[in-house]
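Structural features, examined
Each chain, written out:
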Amino acid sequence: MNIIQDFIPMSNSNRPGTSLNPTYITVHETANTNHGANAEMHARYVKGADAQNRQVSWHYTVDDTVIYQHLPTNELGWHSGSNGNRQSIGIELCVNSDGNFAATRARGIELVRSMMNQLDIPLSRVVSHQHWTGKNCPS
Ligand SMILES: [Zn+2]
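- Within an unreviewed UniProt entry, the label attached to the protein chain reads N-acetylmuramoyl-L-alanine amidase, and the organism entered is Alkalicoccobacillus plakortidis.
- Note on the protein chain: under the UniProt heading Sequence similarities (unreviewed entry), the record states "Belongs to the N-acetylmuramoyl-L-alanine amidase 2 family."

In structure tokens:
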């Protein structure tokens, strides 16, 4: 599995550095269907000013060719409300119009499976963003 580690700088406000012992995996979709809104674009986004202003961060972004990791799995991100954030790692699936969503989904499943193994998380604790906050995500 091709995972590019491109961590949010420690000095950014959306990388609080709070320790996390994840017992859930939360799956999201980016809801950005723009051409080019792939994992590389989201890796740039999450390091930038807008993500800090909106107070968002997450662990992985998956597209149809690659996976980017933005935070270590033992550090808390801001993606699922306070309950979800302090218990789960966040995975975003890209829905860019120029991507192949079936391939993105297949790669996402591969990543979830690998994280379940690595972090000893059962399938019953693989949940959607909606599980935590009621948000329509993945839509
Ligand atoms: Zn979400």
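**Comments concerning helix H1 (residues 39-46)**
- Inspection of H1 places Ala39, His42, Ala43 and Val46 among the buried residues, and these make up the whole buried set. The arc enclosing the buried residues of H1, seen along the axis, measures out at 105°, which places them on a common side.
- Those residues of H1 hidden inside the fold are in contact with helix H2 (49-53), strand E3 (60-62) and strand E4 (67-69).
- One side-chain oxygen of the residue at the start of H1 lies 3.3 Å from the amide nitrogen of Glu40, identifying that residue as Asn38.

**Some remarks on the coordination of the zinc ion**
- Summarising the metal site, the zinc ion is bound by the protein donors His28 (ND1), His129 (ND1) and Cys137 (SG), whose distances to it range over 2.0 to 2.3 Å.
- Taken in chain order, the donor set of the zinc ion reads H-x100-H-x7-C. Residue His28 is found in strand E2 (residues 24-29), and its partner Cys137 is found in the segment after helix H5 (129-133); the two are separated by 109 residues along the sequence. Of the two residues examined, His28 and Cys137, each falls in the buried class.

**Here's the deal with the pairing of E2**
- Here E2 lies mainly inside the structure; six of its six residues are buried.
- Side chains Tyr24, Thr26 and His28 of E2 all project onto a buried face; the interleaved residues Ile25, Val27 and Glu29 project onto the opposite face, where all are buried too.
- Looking at chain direction, E2 and strand E5 (residues 88-93) are connected through six bridges and run parallel. Within E5, the residue paired with His28 across the bridge is Glu92.
- In terms of strand pairing, E2 meets strand E6 (residues 126-128) through three bridges, oriented parallel. Bridging across to E6, Ile25 finds its partner in Val126.

**Observations concerning the sheet that holds E4**
- An order of E1-E4-E3-E5-E2-E6 is seen for the six strands of this open sheet, with the pairing classed as mixed. The open sheet terminates on both sides in strands that have one partner only, identified here as strand E1 (3-5) and E6. When strand polarity is set aside, the average angle formed by the axes of neighbouring strands in this sheet is 25°.
- The pairing of E1 with E4 spans three bridges and is classified as parallel. In the strand pairing of E4, Gln5 is matched with Gln69.
- Packing against the sheet, helix H4 (residues 101-119) makes contact with E1, E2, E3, E4, E5 and E6, and its axis sits at approximately 165° to E5.

**Quick notes on the layout of surface pockets**
- Considered as a void within the structure, the largest pocket measures approximately 450 Å³ in volume.
- Lining the largest pocket we find 23 residues, and of these Thr30, Val56, Trp58, Glu92 and Lys135 sit closest to its centre.
- Of all the secondary structure elements, the ones that give two or more residues to the lining of the largest pocket are E2 and H1.
- Considering every element that reaches the lining of the largest pocket, the biggest residue donor is H1, with three residues.
- Its residues placed into classes, the lining of the largest pocket shows eight nonpolar, 10 polar and five charged.
- When its volume is computed, the second largest pocket comes out at roughly 240 Å³.
- In terms of lining, the second largest pocket is formed by Val27, Glu29, Ile91, Leu93, Phe101, Arg105, Gly108, Ile109, Val112, Arg113, Met116 and Leu123.
- Looking at the lining of the second largest pocket, the elements that each hand over two or more residues are E2, E5 and H4.
- The biggest single contributor to the lining of the second largest pocket is H4, with seven residues.

Quick notes on the rules
- Residues numbered from 1 in each chain as written.
- Predicted model: local features only at pLDDT ≥ 70, side-chain atom pairs only at ≥ 80, totals over all residues.
- Heavy atoms only, no water.
- UniProt positions renumbered as here; feature names shortened; annotations may be inferred.
- Buried < 20%, exposed > 50% of the residue type's maximum accessible area, 1.4 Å probe, protein only.
- Helix = DSSP H or I, 4+ residues; strand = E, 2+ residues; numbered from the N terminus.
- Arc of directions from axis to C-beta.
- Contact = heavy atoms within 4.5 Å.
- Polar contact = N/O pair within 3.5 Å; in protein donor to acceptor, adjacent residues only side chain to side chain.
- Donors = N, O, S within 2.8 Å, 3.2 Å for Na, K, Ca; no water.
- Pairing = 2+ DSSP bridges.
- Axes fitted to C-alpha atoms, helices over the stretch in contact; angles between N-to-C directions.
- 1 Å grid on protein atoms, 1.4 Å probe; cavity = no way out; pocket = protein on both sides within 12 Å on 5 of 7 lines; lining within 4 Å.
- Points joined across faces, edges and corners; volume = space filled by probe spheres on them.
- Nonpolar A, V, L, I, M, F, W, Y, C, P; charged D, E, K, R; others polar.

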